[in-house]
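Architecture and fold: a report
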Amino acid sequence: MTVKRVLVINSGSSSVKYALLAGEDRLASGIVERIGEPGSPVADHGAALDIVADELAGQGLGIDSPELTAIGHRVVHGGTDFTEPTLITDEVTAMIEELVPLAPLHNPGNLAGIEVTRRLRPDLPQVAVFDTAFHSTISPAAATYAIDREVAERLRIRRYGFHGTSHAYVSREAAAEAGRPDGNVIVLHLGNGASASAVSGGRCLETSMGMTPLEGLVMGTRSGDLDPGVLTYLARTGGMSFEEIDTMLNRGGGMRGLCGDNDMRAVQERLAAGDPDAELAFSVYCHRLRKYVGAYYAVLGTVDVIAFTGGVGENSPLVRQTALDGLEALGIAVDPGRNERGERVISPDGTAVRVVVIPTNEELEIARQTLAVLPRTKHP
Ligand SMILES: Nc1ncnc2c1ncn2[C@@H]1O[C@H](COP(=O)(O)OP(=O)(O)O)[C@@H](O)[C@H]1O
Ligand SMILES: CC(=O)OP(=O)(O)O
Ligand SMILES: [Mg+2]
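These lines cover the structure that appears in this document, whether it is placed above or below. (Residues numbered from 1 in each chain as written. Chains lettered and ligands numbered in written order. Predicted model: local features only at pLDDT ≥ 70, side-chain atom pairs only at ≥ 80, totals over all residues. Heavy atoms only, no water.)

Near ligand 2 the following residues occur: R74, V76, H106, D131, F162, H163, G193, M209, P213 and R222. A distance of 3.1 Å separates an oxygen atom of ligand 2 from a polar side-chain atom of R74. R222 places a polar side-chain atom, nitrogen or oxygen, 2.7 Å from an oxygen atom of ligand 2. For ligand 2, whose unbound accessible area comes to 260 Å², protein coverage reaches 85%. Residue composition of the shell around ligand 2, grouped by class: 4 nonpolar, 3 polar and 3 charged. Both domains that furnish three or more residues to the shell around ligand 2 are identified here as domain 1 (5-130) and domain 2 (180-362). (Near = heavy atom within 4 Å. Polar contact = N/O pair within 3.5 Å; in protein donor to acceptor, adjacent residues only side chain to side chain. Areas by Shrake-Rupley, 256 points an atom, 1.4 Å probe, with all protein chains shown as cover. Nonpolar A, V, L, I, M, F, W, Y, C, P; charged D, E, K, R; others polar. Domains from an automatic or database assignment.)

Laid out in structure tokens, this is it:
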């Protein structure tokens, strides 16, 4: 049996990541960054996809390869229309287009990627894997904002949640490794964007991002949770336009807003040097995390595993230690030696809750979900 090859395209707001997988093996992968930023040679997502195509061709693994079975695309917002990976047709791209107002920073880039690869390979099945899909199981109690119901329904305002591919992959790995595939897991996905989820028996019960990827944890450049009264105050008294407010919260908030640096490595270097702005930023970041761990403990009732993932979660012992500090009464603790050495299990033996570090693999999960769709559908 030949191993099926899947090309995965992960278009973000300002980057495109790609990976070519043969079964579970990565044959090639890369990233094109700073798309559309001032001074960047990469003008838009179309230009980024050209670079991806060139890089693959340069390794003899071109998009035109007859060995390719399918192409899988990350699509950030699937609204309530898409709760499963979906074979891409003209009708599907039109529906993704309709969701652009709900994810203006993300869905246009996803669509640009889809357009390029469909043009290059109209013969191949292409599948959309949605960030929101894994969270479609959260209850009405968790999904509903307490605002006017008619307005909310008309404008599709509710909690959708994001990073679902990562939460699905990491929660499954964490539960299986703990010997508790039906267990309760809290996943902390800490990258540039950051989100938490509460998962029970493989089903998502709660997640920290909301209608957009702005709610919840403190992120690199996004504020996370905020009193909604701040928005009206900024407009009415601060004299800011909605565009300015949007930019301030999405691109000039989070760690960047608090201390000027959005990269956690830089923040930690300044912290070590005693910089008070970095100290405040770091403490706000970790306090918010600890608060969500406590909240999701209550949502789940009992917790088997807490899993850290994403660039910060995988690489920062200091964040992991600080975020879970003082939770011994809940059966949560971090062993300093294991944590510093970056071991897979970082809790001490004998504690009730296992704390683990699991590198996320969104590309592998997208490839798996892409292949899972194929037997169920016929490429038109
Ligand atoms: N050794 C490290 N220590 C602390 N933070 C790190 C380290 N390595 C990477 N990071 C942080 O990871 C973040 C990027 O996470 P990543 O998951 O790669 O991003 P994305 O959300 O774009 O996929 C950055 O804030 C970076 O500072
Ligand atoms: C949805 C989202 O926040 O994605 P990212 O972390 O890639 O920006
Ligand atoms: Mg990411």
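What follows is about the site of ligand 1. Lining the immediate environment of ligand 1, one finds 13 residues, of which K17, N192, D263, M264 and G311 sit closest. G311 has a polar backbone atom sitting 2.9 Å from an oxygen atom of ligand 1. Here an oxygen atom of ligand 1 sits 3.3 Å away from a polar atom, N or O, in the main chain of V312. Relative to its free-state accessible area of 580 Å², ligand 1 is covered by the protein chains to the extent of 74%. Counting residues per element, the ones that place at least two in the shell around ligand 1 are α10 (264-272) and α12 (310-315). If one sorts the elements of the shell around ligand 1 by residue count, α12 sits on top with 4 residues. Classifying every residue of the shell around ligand 1 gives 2 nonpolar, 8 polar and 3 charged. (Helix = DSSP H or I, 4+ residues; strand = E, 2+ residues; numbered from the N terminus.)

This brings us to the packing of helix α1 (residues 45-58) against helix α3 (residues 107-120). The N-to-C vectors of α1 and α3 enclose an angle of 50°; their axes lie 9 Å apart at closest approach. Regarding the angle of α1 to α3, the classification is oblique. By crossing handedness, the relation of α1 to α3 is classed as right-handed. Of α3, the residues touching α1 (which contributes H45, G46 and L49) are G109, A112, G113, V116 and T117. In terms of residue class, the contact of α1 with α3 is built from 3 nonpolar, 5 polar and no charged. (Axes fitted to C-alpha atoms, helices over the stretch in contact; angles between N-to-C directions. Parallel < 35°, antiparallel > 145°, perpendicular 65-115°, else oblique. Left-handed = near helix turned anticlockwise from the far one by under 90°. Contact = heavy atoms within 4.5 Å.)

What follows is about the pattern of salt bridges. One pass over the full model with this rule turns up 21 salt bridges. Across the pair E343 and R341 runs a salt bridge whose closest N-O atoms are separated by 2.8 Å. We classify E343 as partly exposed; its relative accessible area is 29%. Judged by relative accessible area, which is 57%, R341 ranks as exposed. With its nearest N and O atoms 3.7 Å apart, the salt bridge here joins E365 to R368. Separated by 3 residues within a single helix, E365 and R368 lie in helix α15 (residues 362-373), roughly one turn from each other. In this structure R368 comes out as partly exposed when scored by relative accessible area, which is 29%. Ionic contacts of the salt-bridge type, sharing partners, join the residues E24, R172, E365 and R368 into one network. (Salt bridge = Lys/Arg side-chain N within 4 Å of Asp/Glu carboxyl O. Buried < 20%, exposed > 50% of the residue type's maximum accessible area, 1.4 Å probe, protein only.)

Next up on the list: the sheet that holds strand β10 (residues 305-309). What the 5 strands build is an open sheet, ordered β9-β8-β7-β10-β11; its pairing is mixed. Only two strands of the sheet have a single neighbouring strand rather than two, namely β9 (203-207) and β11 (354-357). Strand-to-strand twist of the sheet, defined as the mean angle between neighbouring strand axes without regard to direction, takes the value 20°. Sheet topology places strand β8 (residues 194-200) next to β9; 4 bridges connect them, and they run antiparallel. Residue pairing for β9: S197 is matched across the bridge by T207. Contacts between helix α11 (residues 276-300) and the sheet are confined to β7 (184-190), β8, β9 and β10, with β7 contributing the most and set at about 160° to the helix. (Pairing = 2+ DSSP bridges.)

Of all 7 residues in β7, 7 are buried, a share of seventy percent or more. Neither face of β7 is exposed, since N184, I186, L188 and L190 on one face and V185, V187 and H189 on the opposite face are all buried. Inspection of the sheet shows β7 paired to β8 by 7 bridges, in the antiparallel sense. Across the sheet, the residue bridging to V187 is S197, located in β8. Turn length for the β7-β8 hairpin, with the two strands adjacent in sequence and antiparallel, is 3 residues. In terms of strand pairing, β7 meets β10 through 5 bridges, oriented parallel. Bridge assignment links L188 to a residue of β10, and that residue is F308.

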